[in-house]
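Listed here are the chains, written in short residue letters.
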Amino acid sequence: MSSTLEALVSNDEVRAPAPGWFHLLVAADHLVAPGDVIGELEVLGRIVRITAPRVHGLVKLDKRPSLARRPVGYGELLFRIATDVAIAGAGATADPSTSRTTDGLVFRAPTSGRFYGRPSPDKPAFVEVGRELATGATVCLLEVMKTFHRVTFGGPDMPPRAKVRELLVADGADVNQGDALLALEPVS
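Since this is a predicted model, take the numbers as computed values, not measurements.

Within the fold, Leu181 resides in strand β18 (residues 180-186). Judged by relative accessible area, Leu181 falls into the buried class, the value being 1%. C-alpha separation for the pair Leu181 and Glu166, spaced 15 residues apart in sequence, amounts to 8.8 Å. In contact with Leu181, other than residues within four places in its own chain, are Phe107, Arg108, Ala109, Phe115, Cys140, Glu166, Leu167, Leu168, Val169 and Val175.

Here it is as structure tokens:
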């Protein structure tokens, strides 16, 4: 079995490609494009990344997702995708890294790693929608090889202050250098 499997798709449903313990890595209303990592599946003690099939749309969850992993069987429903015309058109751009949420001011990951939006599970999030950020404010932690790196707001392309418009990454998701983490609007 490879370290990456593509999820199954049937109409608007994304389904498990194999049996195992599934951990969802995308949040509700997250825009999914082909090849995006949507979760992890533990199969016989081995972690396999699950990627989105050839589908563009927003993640629609039937219930609030659990932070824990859950057992799934082959072909079991993981979540639904909203693929109405407006979303499908937005996802069909020439550059797959662009989406409806990356228009305007965006804060991007300075390095690759696993995204954590809070210092520990029982602590409040570093950043919330509507919160104002100033240069030096902690945005997240990125875990790289079991080492946590604090990511702070700022940089040559960032204004001194900005308001968080949208969180673009689910807690626990893997991100690559340059991936959009936050959609922002400048504060004057």
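Right, let's get into the pattern of salt bridges. Per the stated rule, a full pass over the model turns up eight salt bridges. For Glu13, the salt bridge identified is with Arg15, shortest N-O distance 2.4 Å. A residue is classified by how much of its surface remains accessible, and Arg15, at 23% relative accessible area, is partly exposed. Here Arg114 ties to Glu40 by a salt bridge, and the two come within 2.5 Å at their closest N and O atoms. Here Glu40 lies in strand β6 (residues 37-43) and Arg114 lies in strand β12 (residues 113-116), a separation of 74 residues in the sequence. Judged by relative accessible area, which is 22%, Arg114 ranks as partly exposed. In the salt-bridge network here, residues are joined through shared partners; they are Glu40, Arg49, Arg114 and Asp174.

The subject of this paragraph is the nonpolar core. The tendency in soluble globular proteins is for nonpolar side chains to be buried as a group. In this structure, Phe107, Leu133, Val139, Phe153, Leu181, Leu182 and Leu184 are the most contacted members of the largest nonpolar core, which totals 23 residues. For this core, the elements supplying multiple residues, two or more each, are β11 (105-108), β14 (138-144), β16 (161-167) and β18. Among the elements that make up this core, the one with the highest residue count is β14 (four residues). Excluding residues that lie within four positions of it along the chain, Leu133 makes contacts with Val127, Val139, Phe153, Pro160, Arg161, Ala162, Val164, Leu182 and Leu184. In this structure, Val14, Leu41, Ile50 and Leu78 belong to the second largest nonpolar core, which totals 19 residues.

The subject of this paragraph is the sheet that holds strand β8 (residues 57-60). Working definition: the strands of a sheet are paired by backbone hydrogen bonds and lie parallel or antiparallel to each other. Taken together, five strands build an open sheet; the order of strands is β2-β3-β10-β8-β5 and the sheet is antiparallel. Lying at the two open borders of the sheet, with one neighbouring strand each, are β2 (8-10) and β5 (31-32). Pairing geometry for β8 and strand β10 (residues 77-82), over three bridges, is antiparallel. What sits directly across from Val59, in β10, is Ile81.

The next thing to look at is the sheet that holds β16. In space, the four strands of this open sheet follow the order β11-β18-β16-β13, with antiparallel pairing throughout. With partners counted over all chains shown, the strands left at the sheet margins are β11 and β13 (132-134), one partner each. The average undirected angle you get between the axes of adjacent strands in this sheet is 45 degrees. Bridge count between β13 and β16: three bridges; the pairing is antiparallel. For Glu132, the partnering residue across the bridge sits in β16 and is Lys163.

Calculation rules
- For every chain, the first residue of its written sequence is number 1, and the numbers climb from 1 along that sequence.
- Given that this is a predicted model, residues contribute local features only at a pLDDT of at least 70 and side-chain atom pairs are listed and counted only at 80 or more, while totals for whole chains, interfaces and linings are drawn from all residues.
- Side-chain metrics rest on all non-hydrogen atoms present in the structure, leaving aside hydrogens and water.
- Helix and strand labels come from DSSP, where a helix needs a run of H or I of at least four residues and a strand needs a run of E of at least two; each type is numbered from the N terminus.
- Buried residues are those whose accessible area, probed at 1.4 Å on protein chains only, stays under 20% of the maximum for their type, while exposed residues exceed 50% and partly exposed ones sit between those limits.
- Between two residues, a contact is recorded if the distance between any of their heavy atoms is within 4.5 Å.
- When a carboxyl oxygen of Asp or Glu lies within 4 Å of a side-chain nitrogen of Lys or Arg, that pair is called a salt bridge.
- Buried Ala, Val, Leu, Ile, Met, Phe, Trp, Tyr and Cys residues form a nonpolar core when they are joined through side-chain atoms within 4.5 Å.
- Criterion used throughout: strands pair if DSSP finds at least two bridges between them.
- Helix axes are fitted only over the stretch in contact, all axes being lines through C-alpha atoms; the angle between N-to-C directions runs from 0 to 180 degrees.

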